[in-house]
Amino acid sequence: MRKIRNISLKAIAAFLSVLMTFSFMSYRPRVTHAVEDKDLNTMADEIVILVNEARQAEGLKPLRAVPYLNDKARERARELIFDFSHYRPGRRIFYLTNECEFTLDDVSEEKIEAIAKKLDEKWCFPTWSEDKKSFRVDAKKRDDVEGILICEGAGFTSVETMTGLAEKLTEKKFFETWSEDNKSFSVDKKYEEAVTKFLKEEGIKFSMGDLFITIIDAGLVPYSRAGENTAGGSDTAQKTFNQWKGSPVHWHAIMNPDYTHIGVGCAYEKDSTFKYYWDQIFIATDKTLDGQYIPESQETVPVGSGDVNGDSEINSFDLITINKYIAKEIEFNEAQMQSADLLQDGMITVFDAAVLRKYILGQYHTIPVTLEMFLNG
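Structure report, in brief. Each residue is numbered by its place in its chain's sequence as written, counting from 1. Totals for whole chains, interfaces and linings use all residues, but because this is a predicted model, local features are given only for residues with pLDDT of at least 70 and pairs of side-chain atoms are given and counted only at 80 or more. To obtain the side-chain values, all non-hydrogen atoms of the structure were included, while hydrogens and water were left out.

**What about the sheet that holds strand 2 (residues 91-97)?**
Definition in use: At least two DSSP bridges between two strands are needed for those strands to be called paired. Here a strand is any run of E in DSSP of at least two residues, a helix any run of H or I of at least four, and the numbering for each starts at the N terminus. Residues are treated as being in contact if the distance between any of their heavy atoms lies within 4.5 Å. Here, axes are lines fitted to C-alpha atoms. For helices the fit covers the stretch in contact, and angles between N-to-C directions go from 0 to 180 degrees.
Sheet architecture is open: four strands sit in the order 7-8-2-9, paired in antiparallel fashion. Strands with a single pairing partner mark the edges of an open sheet, and in this sheet they are strand 7 (177-178) and strand 9 (205-209). Of the strand pairs in this sheet, strand 2 and strand 9 are connected by five bridges, and their pairing is antiparallel. Considered in strand 9, the bridge of Tyr95 is made with Ser207. Its contacts with the sheet place helix 7 (residues 192-201) against strand 2, strand 8 (184-188) and strand 9, and it is angled at close to 10 degrees to strand 2.

In structure tokens:
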């Protein structure tokens, strides 16, 4: 009996050994991304290069890439995996405008014209019905409108459009969550279409929140306007750029002369609808942003001081290049910055351009020069 037991134990041990060996051999670390982050970053810069080449062909200024915007665009690209829209994943926010609707009682056309004129003078901006028997204004203007109607001797009734709205939404079972001031509410994104339809049917003026732009901290990156392009499915920068080029709406954003800066992000998820997700964030600002740069298809490598354009010669083309930088028409890479800093003061200014000009004209025999040499002519 003991012998049988020993044989059984040995058999079990052998089986477990084989099983563990097989498991070890078949184990592979789970790969969630087919490409490295550095490859995604490179592809993002390729997009900026393609964008700026297209803008240059139309005589537009290049867009400056910003590391912060690139980070946010990459974050948005990851969000697109779960919610492919211009809204952030999760809940949708509806911002409501409470209006007051006034219905007039047997008022003549002449009287209506007089009322409309006074409403405009009081900056009430009414929205009239087609039959001119009723109109709506912002509820904040209710007292002003009532004063006008009373002075004109017009009979009327009024009601605020948001009266009873909360109860109606509850009946619809949208499971909304209201803000503390009751001026907005949020719902799960799956109810977005139904809520939008309901509010339109009720004649409620609203706008939707939690757009892509909420990902940007305006304190860090101040902007006057912003836009976004999204794409999915293409595994290269060129294919993605062609997608946007083939869409008038997306192309309009790329060629918008008002935009000054851009952020581009790419994300990959094997087990998702499109696998590759792309995002462009455009902004307009008159500020110089930290780390802004213009990616180059081939990085310029100067050969010593003064060879700013990297053609191994120092001539008027280098002077043109440095003047373009001073005018903020182009950006320099680190090597160009060192090559153009002919006074070695850590800045590129008109004085460096003056030094380069004198060198080209033969007034200086070597560059860079010291500040003393420059001041002494």
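**Quick look at the packing of aromatic side chains**
Counted only if it meets this: Between the rings of Phe, Tyr and Trp (Trp by its six-membered ring), a pair exists once the centres lie within 6.5 Å; its type follows the angle of the planes, with under 30 degrees stacked, over 60 edge-to-face, and the other angles tilted. To sort residues, take the accessible area from a 1.4 Å probe on protein chains only and compare it with the maximum for the residue type: under 20% means buried, over 50% means exposed, and anything in between is partly exposed.
The full count for this structure, using the stated rule, is 18 aromatic pairs. Ring centres 5.7 Å apart and planes at 80 degrees place the aromatic pair Trp123 and Phe125 in the edge-to-face group. Both residues of the pair, Trp123 and Phe125, belong to the exposed class. Measuring from ring centre to ring centre gives 5.9 Å for Phe351 and Phe374, while their planes differ by 75 degrees; the resulting arrangement is edge-to-face. One end of the pair, Phe351, is in helix 12 (residues 350-360); the other, Phe374, is in helix 13 (residues 371-375), and 23 residues separate them in sequence.

**A closer look at the sheet that holds strand 5 (residues 134-138)**
Here four strands make up an open sheet; going across it, the order is 4-5-3-6 and the pairing antiparallel. At either end of the open sheet lies a strand with only one pairing partner, and these are strand 4 (127-128) and strand 6 (155-160). Judged from the two bridges that link them, strand 4 and strand 5 form a sheet pairing that is antiparallel. The partner of Trp128 across the bridge, within strand 5, is Phe135.

**Points about the nonpolar core**
Our working definition: For the purposes of this section, nonpolar cores are sets of buried Ala, Val, Leu, Ile, Met, Phe, Trp, Tyr and Cys residues that join through side-chain atoms within 4.5 Å.
One finds Ile47, Phe241, Ile254, Ile262, Trp278 and Phe282 to be the most contacted residues of the largest nonpolar core, which totals 26 residues. Breaking this core down by element, the ones donating at least two residues are helix 2 (37-57), helix 8 (237-245), helix 9 (248-254), strand 11 (261-268) and strand 12 (276-284). The dominant element in this core, judged by the number of residues it contributes, is helix 2, at eight residues. Apart from residues no more than four positions distant in its own chain, Ile254 is found in contact with Val51, Arg55, Asn229, Phe241, Trp244, Gln280 and Phe282.

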